[in-house]
Amino acid sequence: MSAVFNFCAGPAMLPAPVMKKAQEELLDWNGQGVSVMEVSHRGAPFIEMAKSSEACLRELMNIPDNYHVLFMHGGGRGQFSAVVNNFLGNNGRALYLVSGQWSKAAAEEAQKLAGEAQIDVLNIVKKDNGLNAVELPVFSGSAEQYRYLHYCPNETVDGIEIFDDIDCPWPVIADMSSNIMSREIDVSRFGLIYAGAQKNIGPSGLAIVIVRKDLLSLPQLTQSSIMDYRLTAENDSMYNTPPTFAWYLAAQVFDWLKSIGGVKAIAAINAEKARRLYACIDDSGFYKNGVVKANRSQMNVTFQLADESLDKAFLQEAEAAGLVALKGHRIVGGMRASIYNAMPLEGIDALVSFMNSFAAKHGR
Ligand SMILES: *Cc1c(COP(=O)(O)O)cnc(C)c1O
């Protein structure tokens, strides 16, 4: 096997022990002589796996009992629609904060589906000395004004993270696709958290939804049954056939995270990973990052080279050194190192050492 460090933004690398275990069990899961992909989701072994994966996730994130945990289809974007369908109603209003590409896309989808209902959009990124900075407004207003507030605490494309909690009179809905379980959060501050799985949880296609139970009585828009939170909850996420293999792998990732000390332990490692990489950028005089320190993402580190014409050489030489998928998103250009939970500290050290020698070689 070729040894590489994979900095892909998503689908992203998975923990090596998880991949190894999945490989070992691929043809014979749970002593049944068949793969987990080939068994009924209604059979006892799968249901047991599903239950224990939920219990493990609840423990990892300290999810209170008055929240459902749902395993759904359709990834992150599926939830852009599901949130609107489940919570907006025919004449409701919702507030969308925009801090980058993904929150913008969520707001656009909401506007597309809203019909007679109203979507208010608020851009919260300002320039501070030429750098992107998030400025959270003080939210006031009546509890009735909005059905919910939606935002994205980690903008995967832009490399912008919001560490402060949102204080407002409305249920807060957060797209945590790229930073779920990367640091400790207080779930009780949220009405709903969702995440497409392919960054910090497992393979693509699956979405995890954590939703406060009382919110499921809000008036809904007419919608497809598989997007319906109530129906999904009533059927233990098995109204239709769930993405069983993705669920199984997610369960392995939860077990792995628990085995290394849980979210608290990984948060310390993640902070150190980000610290080392941003220090390399800041100290280089060759690389730059365009985000104020308080909003620099710990999961997606974006940077530009002093001379854009070196981008191609950077990517080629990085790849030759076993550091892959560092190209930034086509919308923003430059470079991006996605350093989710599964990326070990050694990957950061290898990248930093490569970046230092590339900068030395290409004249700073
Ligand atoms: C990747 C991502 C999505 C989209 O996920 P899909 O599964 O491709 O729909 C949405 N939001 C954020 C923050 C993401 O990083």
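The model shown is predicted, which means the values in this text are computed figures rather than measured ones. (Residues numbered from 1 in each chain as written. Predicted model: local features only at pLDDT ≥ 70, side-chain atom pairs only at ≥ 80, totals over all residues. Heavy atoms only, no water.)

## A few points about the overall build of the protein chain
- Across its full length, the protein chain holds nine helices and 16 strands.
- Over its C-alpha atoms the protein chain spans a radius of gyration of 21 Å, differing by no more than 12% from the 21 Å that the globule rule assigns to 364 residues.
- For the protein chain, the spread of C-alpha atoms along the principal axes amounts to about 60 × 60 × 30 Å.
- Burial statistics for the protein chain: of 364 residues in total, 54% are counted as buried.
- The contacts in the protein chain between residues at least 6 apart in sequence include a share of 69% that link residues at least 24 apart.
- Of the roughly 15,900 Å² of accessible surface on the protein chain, a fraction of 50% belongs to carbon and sulfur atoms.
- For the protein chain, the distance from the average position of its 32 positive side-chain charges to the average position of its 39 negative side-chain charges is 3 Å. (Helix = DSSP H or I, 4+ residues; strand = E, 2+ residues; numbered from the N terminus. Rg over C-alpha atoms; globule rule 2.2 N^0.38 Å. Buried < 20%, exposed > 50% of the residue type's maximum accessible area, 1.4 Å probe, protein only. Contact = heavy atoms within 4.5 Å. Areas by Shrake-Rupley, 256 points an atom, 1.4 Å probe, with all protein chains shown as cover. Lys, Arg positive; Asp, Glu negative; His and termini not counted. Charge placed at Lys NZ, Arg CZ, Asp CG, Glu CD.)

## Observations concerning the pattern of salt bridges
- Across all of its chains, the model carries 16 salt bridges by this definition.
- A salt bridge links Glu24 to Lys20, with the shortest nitrogen-to-oxygen separation between them at 3.6 Å. Of this pair, Glu24 and Lys20 both sit in helix α1 (residues 16–25), four residues apart, which is roughly one turn of the helix. In terms of burial, Glu24 and Lys20 fall into one category: exposed.
- Its salt-bridge partner being Asp167, residue Arg189 comes within 3.0 Å of it at the nearest N-O pair. Of this pair, Arg189 sits in the loop between β10 (172–175) and β11 (192–196) while Asp167 is found in the loop between β9 (160–161) and β10, placing the two residues 22 residues apart along the sequence. (Salt bridge = Lys/Arg side-chain N within 4 Å of Asp/Glu carboxyl O.)

## Thoughts on the domain arrangement of the protein chain
- One can read the domain layout of the protein chain as domain 1 (16–259) and domain 2 (262–362).
- Between domain 1 and domain 2, the C-alpha centre-to-centre distance is 27 Å.
- Between domain 1 and domain 2 lies a buried interface of about 2,200 Å² when both sides are counted; carbon and sulfur atoms form 57% of it.
- When the area that domain 1 buries against domain 2 is broken down by residue, the three leading residues are Val157, Gly159 and Ser182, summing to 21%.
- At the boundary of domain 1 and domain 2, one finds zero salt bridges.
- Taken together, the connections running from domain 1 to domain 2 amount to 13 residue pairs in polar contact (both at pLDDT 80 or more).
- Put simply, the parts of the chain that give the side of domain 1 that touches domain 2 at least two residues each are β6 (131–134), β9 and α6 (244–259).
- It is β6 that contributes the most residues to the side of domain 1 that touches domain 2, four residues altogether.
- Here the side of domain 1 that touches domain 2 is built from residues that sort into twelve nonpolar, nine polar and seven charged. (Domains from an automatic or database assignment. Buried area = accessible area lost by both parts, 1.4 Å probe. Polar contact = N/O pair within 3.5 Å; in protein donor to acceptor, adjacent residues only side chain to side chain. Nonpolar A, V, L, I, M, F, W, Y, C, P; charged D, E, K, R; others polar.)

## Quick word on the site of the ligand
- The environment of the ligand is made up of 13 residues, and the closest members are Arg77, Thr156, Asp175, Gln198 and Lys199.
- At 2.6 Å from a nitrogen atom of the ligand is found a side-chain nitrogen or oxygen belonging to Asp175.
- Considering each element in turn, the shell around the ligand owes the most residues, four residues, to helix α3 (residues 75–87). (Near = heavy atom within 4 Å.)

## Some points on the nonpolar core
- Of all hydrophobic cores here, the largest spans 58 residues; its most connected members are Leu149, Tyr151, Ile180, Met181, Ile201, Ile210 and Phe254.
- Take this core: its biggest share by element is ten residues, from α6.
- Residues lining this core come from more than one domain, with at least three contributed by each of domain 1 (16–259) and domain 2 (262–362).
- For Ile180, the contacting residues outside a window of four places in its chain are Met61, Ile193, Ala195, Asn200, Ile201, Ile210 and Asn341.
- Leu70, Phe80, Val84 and Ala233 belong to the second largest nonpolar core, which has 30 residues in total. (Core = buried A, V, L, I, M, F, W, Y, C linked by side-chain atoms within 4.5 Å.)

## Quick word on the sheet that holds strand β7 (residues 148–151)
- Read from one edge to the other, the open sheet built from seven strands follows the order β2-β12-β11-β10-β7-β3-β4, with strand pairing classed as mixed. A strand with exactly one partner marks an edge of an open sheet, and here the two such strands are β2 (67–73) and β4 (118–123). Between one strand axis and the next, the sheet turns through 15° on average, direction left out of account.
- Sheet topology note: the strand β3 (residues 93–98)/β7 ladder contains three bridges and is parallel. Bridge pairing in β7 links Ala94 to Tyr148. (Pairing = 2+ DSSP bridges. Axes fitted to C-alpha atoms, helices over the stretch in contact; angles between N-to-C directions.)

## With respect to the UniProt feature "domain: Aminotransferase class V" (unreviewed entry) in the protein chain
- Summarizing the sequence annotation, UniProt attributes the feature "domain: Aminotransferase class V" (unreviewed entry) to residues 4–351 in the numbering used throughout.
- Secondary structure content for residues 4–351 is 33% helix and 19% strand, while the C-alpha to C-alpha distance between its ends is 11 Å. (UniProt positions renumbered as here; feature names shortened; annotations may be inferred.)

## Structural notes on the sheet that holds strand β14 (residues 300–305)
- Read from one edge of the open sheet, three strands run β13-β14-β16, paired in antiparallel fashion. This sheet does not close on itself; its edge strands, each paired only once, are β13 (287–288) and β16 (335–338).
- Lying over the sheet, helix α7 (residues 262–284) contacts β13, β14 and β16, oriented at roughly 20° with respect to β14.

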